[in-house]
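# Remarks on the overall topology
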Amino acid sequence: MTQLPKVVRTLATLRRVRAGFGNAEVALVPTMGALHAGHLALVKEARRRARRVVVSIFVNPTQFAPTEDLASYPRTWKADIAALAALKVDLVWAPTPQVMYPDGYATRVDPAGAAKAGLEDKFRPHFFGGVATVVCKLFTQVMADYAMFGEKDYQQLRVVTQMARDLDLSPQVIGIRTVREKDGLALSSRNVYLSPVDRAAAPVLYRVLKASAKRIKAGEAIDAALRDGRAEIEGAGFALDYLEARHAMTLAPVASRKDGPIRLLVAAKIGKTRLIDNVPV
Ligand code: AMP
């Protein structure tokens, strides 16, 4: 029988178990649970890099706006633990909201730079403050050598990397390539919200990203490629938040390929589901 990972819910126990790891390298994988193959790719890379693997499962209330899906966010605890056991995860850090934000809690990290790029932050202004705060706490609590984040949430990866550097937080932040369905749709815990019709339309995002990247790489004007891409996404029934070309590191706007390595990023809503994706050029 596979051994279940140790599940820890209080800081005192986390510190004791962490101390027991001694000098062994530790890799942390922060998640909100409802684990899928994308999360598990992060765990597998963590397993390759470090002798001890810690996965946190915490649906962080401070990164949801009141209008968003905190209450209905998918929770699949038993399946999550079974999947993590199969990958020989050492420790699951699953604090309650009360442990993470006890009564009287009053501090928030306020990231700038990539966090103010005018992408996700424009549509979810509360988001990166909530993410940076909880990730800062997770880094301090777990004291890992590595922390794994998905490229799927590309702006988040840039924000967390910058924060770790600016605040001298211990882990090296490692970005992991996006895991996709066969038809290109990026795996996401929120994909379960898609109706069959919306699910059939969803791969258009990746298709447009790939086609636009190809055109830009071939020397076409960025504006023209993105204009066609936006029309195709809206034609497929999406309400588009953005389809943009940005500098891959700073996320600053770019006018041409000469402005540096480029990342294309998209966010769009279909039915009640908001999807995001991105590719390198
Ligand atoms: P979440 O539970 O949605 O907060 O995601 C936890 C981590 O898994 C984040 O670093 C995400 O970027 C990463 N992740 C989510 N979906 C994917 C995917 N399809 N491929 C790779 N990483 C992913």
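Right above here is the structure, for reference.
First, a word on scope: everything that follows refers to the structure included in this document.

Basis of the calculations
Residues numbered from 1 in each chain as written. Predicted model: local features only at pLDDT ≥ 70, side-chain atom pairs only at ≥ 80, totals over all residues. Heavy atoms only, no water. Helix = DSSP H or I, 4+ residues; strand = E, 2+ residues; numbered from the N terminus. Rg over C-alpha atoms; globule rule 2.2 N^0.38 Å. Buried < 20%, exposed > 50% of the residue type's maximum accessible area, 1.4 Å probe, protein only. Contact = heavy atoms within 4.5 Å. Areas by Shrake-Rupley, 256 points an atom, 1.4 Å probe, with all protein chains shown as cover. Lys, Arg positive; Asp, Glu negative; His and termini not counted. Charge placed at Lys NZ, Arg CZ, Asp CG, Glu CD. 1 Å grid on protein atoms, 1.4 Å probe; cavity = no way out; pocket = protein on both sides within 12 Å on 5 of 7 lines; lining within 4 Å. Points joined across faces, edges and corners; volume = space filled by probe spheres on them. Nonpolar A, V, L, I, M, F, W, Y, C, P; charged D, E, K, R; others polar. Pairing = 2+ DSSP bridges. Axes fitted to C-alpha atoms, helices over the stretch in contact; angles between N-to-C directions.

### Side note on the overall build of the protein chain
- The helix and strand tally for the protein chain stands at ten helices and nine strands.
- Taking 19 Å as the expected radius of gyration for a compact globule of 281 residues, we find that the protein chain reaches 19 Å, a close match to that expectation.
- Across the 281 residues that make up the protein chain, the buried fraction comes to 53%.
- In the protein chain, the proportion of contacts linking residues at least 24 apart, taken out of those at least 6 apart, comes to 73%.
- With an accessible surface of roughly 13500 Å², the protein chain has 54% of that area assigned to carbon and sulfur atoms.
- Of the side chains in the protein chain, 41 bear a positive and 27 a negative charge, and the two mean positions are spaced by 6 Å.

### As for the layout of surface pockets
- Computed from the structure, the second largest pocket encloses a volume of approximately 280 Å³.
- Lining the second largest pocket are 14 residues, and of these Arg-177, Tyr-206, Lys-210, Val-279 and Pro-280 lie nearest its centre.
- For the lining of the second largest pocket, the secondary-structure elements that each account for two or more residues are α9 (204-217) and β9 (273-280).
- Counting residues per element, the lining of the second largest pocket draws most heavily on α9, at five residues.
- Among the residues forming the lining of the second largest pocket, the class breakdown is five nonpolar, two polar and seven charged.

### Topic: the sheet that holds β9
- An order of β7-β8-β9 is seen for the three strands of this open sheet, with the pairing classed as antiparallel. Each edge of the open sheet is held by one strand with a lone partner, namely β7 (239-247) and β9. Here the average twist between neighbouring strands, direction ignored, is 10°.
- Direction of pairing for β7 relative to strand β8 (residues 262-270): antiparallel, over a ladder of eight bridges. Paired with Leu-243 across the two strands is Val-266, which belongs to β8.

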